[in-house]
Amino acid sequence: MKSVQLLTVTADEGEQRLDRWFKRRFPHVTQGAVEKMCRTGQVRVDGARAKASDRVAEGMEIRVPPLPDPDAPRPQASRVTKSDEQMIQDCVIYKDNDIIVLNKPAGLPSQGGSGQGERHVDGLTEALKFGYKERPKLVHRLDKDTSGVLVLARTDRVARALSESFRHRNTRKIYWALVAGVPSPKQGSIKYALMKAPGHGRGGEGEKMLCIHPAKGGDYPEAKRAQTDFFTLWFLGTRCAWMALSPITGRTHQLRAHMAELGHPIVGDGKYGGSSQENAGDGWGAQIGGEVSRKLHLHARSLTIEHPIRKELVTFTAPLPPHMAKTWKLLDWKEGDVPEDPFGAF
């Protein structure tokens, strides 16, 4: 296709993610290509920029840029090395006929994209077919430097069901984080809306999310509602705290931006202040010392969802990554000493 198209979402195409709609219409276009076209503004919904994860509804008009010829020879998929095959298979913490659950390592992107290179979970799924003809599909993502529970669907049908499950109230995500200082109060909800910072400056503008006070939401129509529940599991004097964080919404960098806004950035988070010597929240600086502050201390500890086929609630739990386990040992904290779900009565 050599020209721009304006296509209308039909009744049977509504209520699905934009990337799913795109794949049904243009199956020869890769997920990475869809992500890039959304990120660069080439794909638009009703004239506005959109993310691949945004949902489309009947009657919406989607701008589709010129696409490659579906009959043109496709480049051969990059081969997965033996070491990467073993690495990604070692990450599997659960597998059945419908889903695969990984404990994603910190430093490994979920998908390819700007600056992410070729090595990412989506690019390694060839090693996760386990006898199936098709590669498993990502249904959600974790930031590159965030470790923990990541679910893949083994069929298109399961991918659609999981996408619905992630929107359901029964879904609960619990992250563990090490933050600078100790929040007061020690539990509560953060309800700052989030919007993308303007510009593309050296200070990270355009790549960071800004927190907007709920009372000022009307002044920033582009800001999106966001809520994070937090619970302090353990703390070391006033120096740092072991936090459980549960994102009620799923905005970009939500946990990192919200904790920084409280004045308690996640340790090792250079983008939002966790690895700097300054902490406007309580003034003593965010670094703990040694190697601790060199890596992001944010881990997707557990995920509870409705199983896409059995329709029962299932919970998956991932052990801490090596750098966080080392920090926990340094601080004499043990995984089994805290409740897995401190939000049960929250």
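- If you look the protein up in an unreviewed UniProt entry, it shows as Pseudouridine synthase from Cereibacter azotoformans.
- On record in UniProt, under Sequence similarities (unreviewed entry), the comment for the protein is "Belongs to the pseudouridine synthase RluA family."
- As its UniProt record puts it under Function (unreviewed entry), the protein is described as follows: "Responsible for synthesis of pseudouridine from uracil."

With respect to the UniProt feature "active site" (unreviewed entry) in the protein
Part 1 of the reasoning: Here the UniProt feature "active site" (unreviewed entry) sits at Asp143.
Part 2 of the reasoning: With respect to the element layout, Asp143 can be found in the loop between β9 (137-138) and β10 (147-153).
Part 3 of the reasoning: By relative accessible area, which is 29% here, Asp143 ends up partly exposed.
Part 4 of the reasoning: Residues contacting Asp143, with those up to four places away along its chain left out, are Lys104, His253 and Arg256.

Thoughts on the sheet that holds strand β4 (residues 48-49)
Part 1 of the reasoning: Pairing within the open sheet is antiparallel, and its four strands lie in the order β1-β6-β3-β4. Strands with a single pairing partner mark the edges of an open sheet, and in this sheet they are β1 (5-8) and β4.
Part 2 of the reasoning: Bridge analysis of β1 against strand β6 (residues 61-64) gives four bridges, and the strand direction is antiparallel. Looking at the pairing, Gln5 lines up with Val64 of β6.
Part 3 of the reasoning: Contacts from helix α1 (residues 18-25) reach β1, β3 (44-45) and β6, with the element oriented near 65° to β6.

About the thresholds
- Along each chain, residue indices are assigned from 1 in the same order as the chain's sequence is written.
- Two thresholds apply to this predicted model, a pLDDT of at least 70 for residue-level local features and 80 or more for giving and counting side-chain atom pairs, whereas whole-chain, interface and lining totals are computed over all residues.
- Just so you know, side-chain values use all the structure's heavy atoms and leave hydrogens and water out.
- UniProt positions are given in the numbering used here, feature names are shortened, and annotations may be inferred rather than shown by experiment.
- Each helix corresponds to a stretch of at least 4 residues labelled H or I by DSSP, and each strand to a stretch of at least 2 residues labelled E; elements are numbered beginning at the N terminus.
- Only protein chains enter the accessibility calculation, which uses a 1.4 Å probe. A residue is then buried if its area is under 20% of the maximum for its type, exposed if over 50%, and partly exposed in between.
- Residue contacts are defined here by distance: any two heavy atoms, one from each residue, within 4.5 Å place the two residues in contact.
- Pairing between two strands is assigned when DSSP locates at least 2 bridges connecting them.
- Note on geometry: axes are lines fitted to C-alpha atoms, helical ones only across the stretch in contact, with angles between N-to-C directions running from 0 to 180 degrees.

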